[in-house]
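Breakdown of the fold
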Amino acid sequence: MEKIGFIGLGIMGKPMALNLLKAGFAVGVLSTSKASAELEDAGAKTWPNASKLASEHDIVITMLPDSPQVEDLVNGQHGVSSGIKAGALFIDMSTISPSVARNLYQILQQKGVEALDAPVSGGQVGAEGGTLSIMVGGTEGAFQRALPVFQAMGKNIVHIGEPGAGQTTKACNQMIVGMTIQAVAEAFTLAGNAGVDLAKMREVLLGGFAQSRILDLHGQRIIDGNFKPGFKIKLHQKDINIALQSGKELNLSLPGTECMAGQMKAAMDQGNGELDHSALFLTMKK
Ligand code: NAD
């Protein structure tokens, strides 16, 4: 079995790394990480920096907040690229910009290292249960090599296409999710102000064409006033900006996504960046 170095042990990364250990992979993590002690207890080895960790593992996985952190971790001092050996595989599972993912692919190729962009959907519950959806960009050979590793963390695993295609797919996912939450938030605002019972409305609409997991789960959150994350507004704002930037690079107008960016900014201005994205509802005038 290939040895895996895992960097970024946050809400998502920690349970993903634990699932790799459960599946029998040898896993190494950074000793500087807050969660490293917990991972050590579960059988992981610790390493002092990303360069050293990369030099000792066949596959390096990152699960970091955004593009600058991934770029820095790969290209920075004591970064992955200074230690990783030809023939190794680099997999970034964070949600970052497709153009940054393509750039990292090129940089690592020059070192004889294949790279995959493999962002995920399914949230903390999916990470803990090993049921993530994983959307992958990169070569077929690298995908086949990584498949047993992905299968320890996810269920719905699709090789989308060339480098960057996984990140583009994730940006599209975030557009659909964001605009659907906004639709539910607006409908609930109209209904509430018109004196319609929101619970009854949700119940009947779940049986028709407006049915969606977002109407179901986020609709219930709005009714309960429960905005504990879940998926934070600040991360969704980052993803909407990635979608807008990707649209710009292709000379496309994405009016709904631009509107979403405005809503995300309004939620951030309210100080709600740490709340669940269903808190977009709170930006609506009552
Ligand atoms: P998080 O903030 O909980 O975790 C990020 C981790 O990276 C933290 O532990 C942080 O300490 C670590 N980190 C940051 N910079 C680092 C560096 N230079 N070296 C080593 N570690 C570093 O975030 P998360 O919720 O786990 O999300 C990670 C990624 O997954 C993001 O791109 C996010 O958009 C995406 N994502 C999150 C969810 C979700 O529901 N939380 C769902 C799907 C995708």
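Residues numbered from 1 in each chain as written. Predicted model: local features only at pLDDT ≥ 70, side-chain atom pairs only at ≥ 80, totals over all residues. Heavy atoms only, no water.

Topic: the layout of surface pockets
For the largest pocket, the calculated volume is near 1,300 Å³. Contributing to the lining of the largest pocket are 38 residues, with Gly 122, Gly 123, Gln 124, Gly 230 and Phe 231 lying nearest its centre. Ranked by residue count, the leading element in the lining of the largest pocket is helix H11 (residues 213-224), at five residues. Grouping the constituent residues of the lining of the largest pocket by class yields 14 nonpolar, 16 polar and eight charged. (1 Å grid on protein atoms, 1.4 Å probe; cavity = no way out; pocket = protein on both sides within 12 Å on 5 of 7 lines; lining within 4 Å. Points joined across faces, edges and corners; volume = space filled by probe spheres on them. Helix = DSSP H or I, 4+ residues; strand = E, 2+ residues; numbered from the N terminus. Nonpolar A, V, L, I, M, F, W, Y, C, P; charged D, E, K, R; others polar.)

Details of the environment of Leu 206
Of note, Leu 206 is situated in the loop between helix H10 (198-205) and H11. On the basis of relative accessibility, which here comes to 22%, the residue Leu 206 falls in the partly exposed class. In this structure, the C-alpha to C-alpha distance between Leu 206 and Asp 216, residues ten residues apart in sequence, is 6.9 Å. Apart from residues no more than four positions distant in its own chain, Leu 206 is found in contact with Gln 211, Ser 212, Leu 215 and Asp 216. (Buried < 20%, exposed > 50% of the residue type's maximum accessible area, 1.4 Å probe, protein only. Contact = heavy atoms within 4.5 Å.)

What to know about the site of the ligand
Around the ligand, the surrounding shell holds 20 residues, and the nearest of these are Ile 11, Met 12, Pro 65, Thr 95 and Lys 238. Backbone polar atom of Pro 65 to an oxygen atom of the ligand: 2.8 Å apart, as the coordinates give it. In this structure, an oxygen atom belonging to the ligand sits 2.8 Å away from a side-chain N or O atom of Lys 238. When isolated, the ligand has an accessible area of 830 Å², and the protein chains bury 75% of it. More than half of the atoms belonging to the ligand lie within 2 Å of the grid points that define the largest pocket. Of all the secondary structure elements, the ones that give two or more residues to the shell around the ligand are helix H4 (67-75), helix H7 (123-129) and helix H12 (233-249). A class-by-class count of the residues in the shell around the ligand yields eleven nonpolar, seven polar and two charged. (Near = heavy atom within 4 Å. Polar contact = N/O pair within 3.5 Å; in protein donor to acceptor, adjacent residues only side chain to side chain. Areas by Shrake-Rupley, 256 points an atom, 1.4 Å probe, with all protein chains shown as cover. Sits in = over half its atoms within 2 Å of the grid points.)

Side note on the domain arrangement of the protein chain
Domain assignment breaks the protein chain into domain 1 (4-161) and domain 2 (168-284). Distance between the C-alpha centres of domain 1 and domain 2: 29 Å. Listed per partner, the contact involves 13 residues of domain 1 and nine residues of domain 2. In total, domain 1 and domain 2 occlude about 960 Å² of area from one another, counting both sides; carbon and sulfur atoms represent 58% of this. On the domain 1 side of the interface with domain 2, the three residues burying the most area are Thr 95, Pro 98 and Met 135, jointly 43% of the side's total. Summed over the shared surface of domain 1 and domain 2, the result is zero salt bridges. Joining domain 1 to domain 2, the criterion identifies four residue pairs in polar contact (both at pLDDT 80 or more). (Domains from an automatic or database assignment. Buried area = accessible area lost by both parts, 1.4 Å probe. Salt bridge = Lys/Arg side-chain N within 4 Å of Asp/Glu carboxyl O.)

Digging into the pattern of salt bridges
In this structure the tally under the stated criterion is nine salt bridges. For Glu 56, the salt bridge goes to Lys 52, with nearest N and O atoms at 3.3 Å. With a shortest N-O distance of 2.7 Å, Lys 265 and Asp 269 are connected by a salt bridge. Of this pair, Lys 265 and Asp 269 are both found in helix H13 (residues 255-269), four residues apart, which corresponds to roughly one turn of the helix. Assessed through its relative accessible area of 47%, Lys 265 is described here as partly exposed. The class of Asp 269 is exposed, set by a relative accessible area of 56%. What you see here is one network of salt bridges that share partners, running through Lys 232, Lys 234 and Glu 274.

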